[in-house]
Amino acid sequence: MSDDTLRIDRSAKTLRTLALERMRDAIMGFHFQPGERLVERPLCDQLGVSRSVVREVLRQLEAEGLVQMIPGHGPAVAKPDLGRTDEIYELRALLEGIAARTCALSATDAQIASLDAALTNLLDAWASGAPVEVMRATTKFYETLFGAADKQIAWEIVTGLNVRINQLRSMTIASENRREPAIAEMTEIMDAIRSRKPDEAEAAARRHVESAWQIARNTLRLG
């Protein structure tokens, strides 16, 4: 029986864009496991696209850090590097802490309402049990947070790391018993922002990142 789970529908988007989105989501959702080889011919059949499109997609995913070329074996799903993972989480803790502090100090009531709406969407995504939806909603929450803080350069830095951040985030979301602590941590961030307590907002944002950081580190060490 053929595997049609990755097959894409034709639409206004280019086949390359559609295939790239589908492959990125498949890697984030562990349809392909870290270290698993990505063979062109089966991917052509699963996606319903040509070999040239698959090659373009794999090159783009390699540039994003989700695919790595293994000498003598070809492309495979990248395994996150522990050293680089630590650096990514250090940056996240710093930048997200600053954004949360600034929001508590200067966000307007309308911006806080937008953050509340983004948090509600995130909680709904957690309730859905769909990891990809949780990642999308989380990215949207932080986009709103950095926007409310008027930290555009910081958000550009985070955006440049978002694919790698989401690869790590997919690991922490999938970990056992992560849902309730994550919801509590995000709620704590919003409570501090809403109460106009900058020190508490920054500390809560940092604790949230550090909690995810520990899960990711343990997962990579076990792997």
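Residues numbered from 1 in each chain as written. Predicted model: local features only at pLDDT ≥ 70, side-chain atom pairs only at ≥ 80, totals over all residues. Heavy atoms only, no water.

**Q** Quick rundown of the pattern of salt bridges? Include the residues and the values.
**A** A pair can form between side chains of opposite charge whenever their charged atoms are brought close. Taken as a whole, this structure holds 19 salt bridges when the rule is applied. The salt bridge partner of Arg136 is Asp25, with a shortest N-O separation of 2.8 Å. Linking Arg136 in helix α6 (residues 131-148) with Asp25 in helix α1 (residues 15-28), this pair joins segments that are 111 residues apart in sequence. Note that Arg179 is salt-bridged to Glu180, the shortest N-O span being 2.3 Å. Residue Arg179 is classed as partly exposed on the basis of its relative accessible area of 34%. Ionic contacts of the salt-bridge type, sharing partners, join the residues Arg101, Asp199, Glu202 and Arg206 into one network. (Salt bridge = Lys/Arg side-chain N within 4 Å of Asp/Glu carboxyl O. Helix = DSSP H or I, 4+ residues; strand = E, 2+ residues; numbered from the N terminus. Buried < 20%, exposed > 50% of the residue type's maximum accessible area, 1.4 Å probe, protein only.)

**Q** Residues and numbers for the packing of aromatic side chains, please.
**A** With the rule as written, the count across this model stands at three aromatic pairs. Judged by centre distance (5.4 Å) and plane angle (85°), the rings of Phe141 and Tyr142 are edge-to-face. As far as burial versus exposure is concerned, Phe141 and Tyr142 are alike and both buried. Centroid distance Phe146 to Trp155: 5.5 Å. Interplanar angle 40°. Geometry classified as tilted. For Phe146, a relative accessible area of 1% translates into the label buried. (Phe/Tyr/Trp six-rings, centres within 6.5 Å; stacked < 30°, edge-to-face > 60°.)

**Q** Please give an account of the side chain of Thr138 that cites residues and values.
**A** Among the secondary structure elements, Thr138 is positioned in helix α6. For Thr138, a relative accessible area of 7% gives the class buried.

**Q** Residues and numbers for the layout of surface pockets, please.
**A** Size it by volume and the largest pocket reaches roughly 260 Å³. Glu21, Arg24, Asp25, Met28, Val132, Met135, Arg136, Thr139, Asn162, Val163 and Asn166 together form the lining of the largest pocket. Elements represented by at least two residues in the lining of the largest pocket include exactly α1, α6 and α7 (152-174). When the residues that make up the lining of the largest pocket are grouped by side-chain class, the tally is four nonpolar, three polar and four charged. (1 Å grid on protein atoms, 1.4 Å probe; cavity = no way out; pocket = protein on both sides within 12 Å on 5 of 7 lines; lining within 4 Å. Points joined across faces, edges and corners; volume = space filled by probe spheres on them. Nonpolar A, V, L, I, M, F, W, Y, C, P; charged D, E, K, R; others polar.)

**Q** Talk me through helix α2 (residues 40-47); I want residue IDs and the actual numbers.
**A** Glu40, Leu43, Cys44, Gln46 and Leu47 are the residues of α2 that are buried. Buried residues along α2 sit against α1 and α3 (51-64). Downstream of α2 by one or two residues, Gly48 has phi in the positive range, about 75°. (Contact = heavy atoms within 4.5 Å.)

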